[in-house]
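Reading the structure
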Amino acid sequence: MDSSMLKAGWECKCPKCHIGDLYKSRFDLTLKDECAHCGLDFTKNDSADGPAVFLIFVLGFLIVPIALLADHLLTWPLWLHGLVWGVLTLILIVASLRPIKGCVIALQYKHRPRDWEE
Ligand SMILES: [Zn+2]
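My aim in this report is to walk through the structure given alongside it, one point at a time. Everything numeric in this text was worked out from a predicted model, so none of it was measured.

Take the environment of Ala70 next. Among the secondary structure elements, Ala70 is positioned in helix H2 (residues 50-73). Taking the C-alpha atoms as reference points, Ala70 and Asp49, separated by 21 residues in sequence, lie 31 Å from one another. Every residue in contact with Ala70, bar those within four places of it in the chain, is listed here: His81 and Trp85.

Distances from the zinc ion to its protein donors, namely Cys14 (SG), Cys17 (SG), Cys35 (SG) and Cys38 (SG), fall within the range 2.2 to 2.3 Å. For the zinc ion, the four donor atoms are set out with angles of 105 to 117° between them, so the coordination reads as tetrahedral. Written as a sequence motif, the donor arrangement for the zinc ion is C-x2-C-x17-C-x2-C. Residue classification places Cys38 among the partly exposed positions, given a relative accessible area of 29%.

Judged by nonpolar contacts, Cys12, Cys14, Cys17, Leu22, Tyr23, Leu31, Cys35, Leu40, Phe42, Ile105 and Trp116 together constitute the single largest core of 11 residues. Not counting residues within four places of it along the chain, the set of residues in contact with Phe42 comprises Cys14, Pro15, Asp21, Leu22, Leu31, Lys32, Asp33, Glu34, Cys35 and Trp116. Judged by nonpolar contacts, the second largest core, of eight residues, contains Leu55, Ala67, Trp85 and Ile100.

Criteria and cut-off values
- Residues numbered from 1 in each chain as written.
- Predicted model: local features only at pLDDT ≥ 70, side-chain atom pairs only at ≥ 80, totals over all residues.
- Heavy atoms only, no water.
- Helix = DSSP H or I, 4+ residues; strand = E, 2+ residues; numbered from the N terminus.
- Contact = heavy atoms within 4.5 Å.
- Donors = N, O, S within 2.8 Å, 3.2 Å for Na, K, Ca; no water.
- Tetrahedral: all angles 85-135°; square planar, octahedral: opposite > 155°, others 65-115°.
- Buried < 20%, exposed > 50% of the residue type's maximum accessible area, 1.4 Å probe, protein only.
- Core = buried A, V, L, I, M, F, W, Y, C linked by side-chain atoms within 4.5 Å.

Below you can see the structure in the form of structure tokens.
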């Protein structure tokens, strides 16, 4: 697998030229219509629910065992577990949704090239 392509996706850059920005602004999930550098049409992406599904699986497999281990080792009340793990999960989702979506778009660009043709 081409790691530079995934690196560009993780950095929210265009999957074709790895230079142009994918998103309209730094804190927005809205894609630009096209790459400002190479002109790739971003409206042809089809990431759909892919980024959310990846996050559900990855964060679920990370957070739940850690929370169970913390519950076993610590004597926190239930409300504190809910607060800590809920807030931590939200922070990780907000921090990683844009890069994960960039990687899914990069994977689509590599493995489904016909989606991007005119
Ligand atoms: Zn580009």
